[in-house]
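One letter stands for each residue in the lines below.
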Amino acid sequence: QVQLVESGGGLVQAGGSLRLSCAASGRTFSTYTMGWFRQAPGKEREFVGGISVRGDYTYYAESVKGRFTISRDNAKNTVYLEMNSLNPDDTAVYYCAADASVWVRSTASAYDYWGQGTQVTVSS
């Protein structure tokens, strides 16, 4: 089992930046692709971005491409989401997730493990 814990959420003004972390426990973390998702009230959970097992490939939703950056440090069992140029539409609970597949996938149903989420609120 892989356990995931997100941190780093909070309140930030529009145009600002925030860095989220997802700490994983489990001996097989380095074999999982990792994804970030978000869910705003009244909306479906949506894909933000994903990163390959070795961190050499990233894939982003068009809505965040160029603004968000995903990275991972397998030695620390941690994946990061750096968010820049934030706007109120980015307000949501952000979740990290682990997928046993080798490939980065954008569908929530593909992921096997989920963190509890961390709230990100962007004020205007």
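Sequence order sets the numbering: in each chain, residues are counted from 1 along the sequence as written. Reporting of local features is limited, given that this is a predicted model, to residues whose pLDDT is at least 70; pairs of side-chain atoms are given and counted only at 80 or more, and all residues count toward the totals for whole chains, interfaces and linings. Excluding hydrogens and water, the side-chain values take into account all heavy atoms of the structure.

Time to look at the sheet that holds strand 7 (residues 68-73). Think of it this way: DSSP has to see at least two bridges between two strands before they count as a pair. Numbering of helices and strands runs from the N terminus; a helix is a DSSP stretch of H or I covering at least four residues, while a strand is a stretch of E covering at least two. One open sheet accounts for four strands, arranged 1-3-8-7; its pairing is antiparallel. The open sheet has two free edges, formed respectively by strand 1 (3-7) and strand 7, since each of these has just one partner strand. In this sheet, neighbouring strand axes are inclined to one another by 15° on average, regardless of whether the strands run parallel or antiparallel. Pairing of strand 3 (residues 18-25) with strand 8 (residues 78-83), which is carried by six bridges, proceeds in the antiparallel orientation. Helix axes are fitted only over the stretch in contact, all axes being lines through C-alpha atoms; the angle between N-to-C directions runs from 0 to 180 degrees.

If you trace the backbone, Asp90 turns up in the loop between strand 8 and strand 9 (92-99). At 2.8 Å, the side chain of Asp90 forms a polar contact with the side chain of Arg38. Beyond its immediate sequence surroundings of up to four residues, Asp90 is in contact with Arg38, Arg67, Phe68, Ser85, Val120 and Val122. Polar contacts, as used here, are pairs of N or O atoms within 3.5 Å; protein pairs need one atom able to donate a hydrogen and one able to accept it. Residues neighboring in sequence count only if both atoms are side-chain atoms. Should any heavy atoms of two residues lie within 4.5 Å, those residues are considered in contact.

Next up on the list: the packing of aromatic side chains. The criterion for an aromatic pair is that two Phe, Tyr or Trp rings (for Trp, the six-membered ring) have centres within 6.5 Å, with stacked assigned to planes under 30 degrees apart, edge-to-face to planes over 60 apart and tilted to the rest. Inspection of the entire model under this criterion finds seven aromatic pairs. Aromatic pair Phe37 and Tyr111: ring centres 5.1 Å apart, planes at 80°, arrangement edge-to-face. Of this pair, Phe37 sits in strand 4 (residues 33-39) while Tyr111 sits in the loop between strand 9 and strand 10 (113-114), placing them 74 residues apart in sequence. Only protein chains enter the calculation, and the probe is 1.4 Å; a residue is then buried if its accessible area is under 20% of its type maximum, exposed if over 50%, and partly exposed in between. Under the relative-accessibility criterion, Phe37 is labelled buried at 1%. Ring geometry for Phe37 against Trp114: centres 5.0 Å apart, planes inclined by 55°, an arrangement best described as tilted. With Phe37 in strand 4 and Trp114 in strand 10, this pair connects stretches of sequence that are 77 residues apart. Note on Trp114: relative accessible area 26%, which makes it partly exposed. Each residue in the set Phe37, Phe47, Tyr59, Tyr95, Tyr111 and Trp114 is aromatic and connected to the rest through ring pairs, giving one cluster. We count a charge as sitting over a ring when the NZ of a lysine or the CZ of an arginine lies within 6 Å of the ring centre and within 35 degrees of the ring normal. For the cation-ring pair, Arg19 lies above Tyr80, with the distance from its terminal atom to the ring centre recorded as 4.0 Å. A cation sits over an aromatic face here: Arg72 above Phe29, 4.7 Å from the ring centre.

Before going further, it helps to examine the nonpolar core. Among buried residues, those of type Ala, Val, Leu, Ile, Met, Phe, Trp, Tyr and Cys that are joined through side-chain atoms within 4.5 Å constitute a nonpolar core. Formed by 34 residues in total, the largest nonpolar core has its most connected members in Met34, Trp36, Leu81, Met83 and Tyr94. Only strand 3, strand 4, strand 5 (46-51), strand 7, strand 8, strand 9 and strand 11 (118-123) provide two or more residues apiece to this core. Top contributing element to this core by residue count: strand 9, with five residues.

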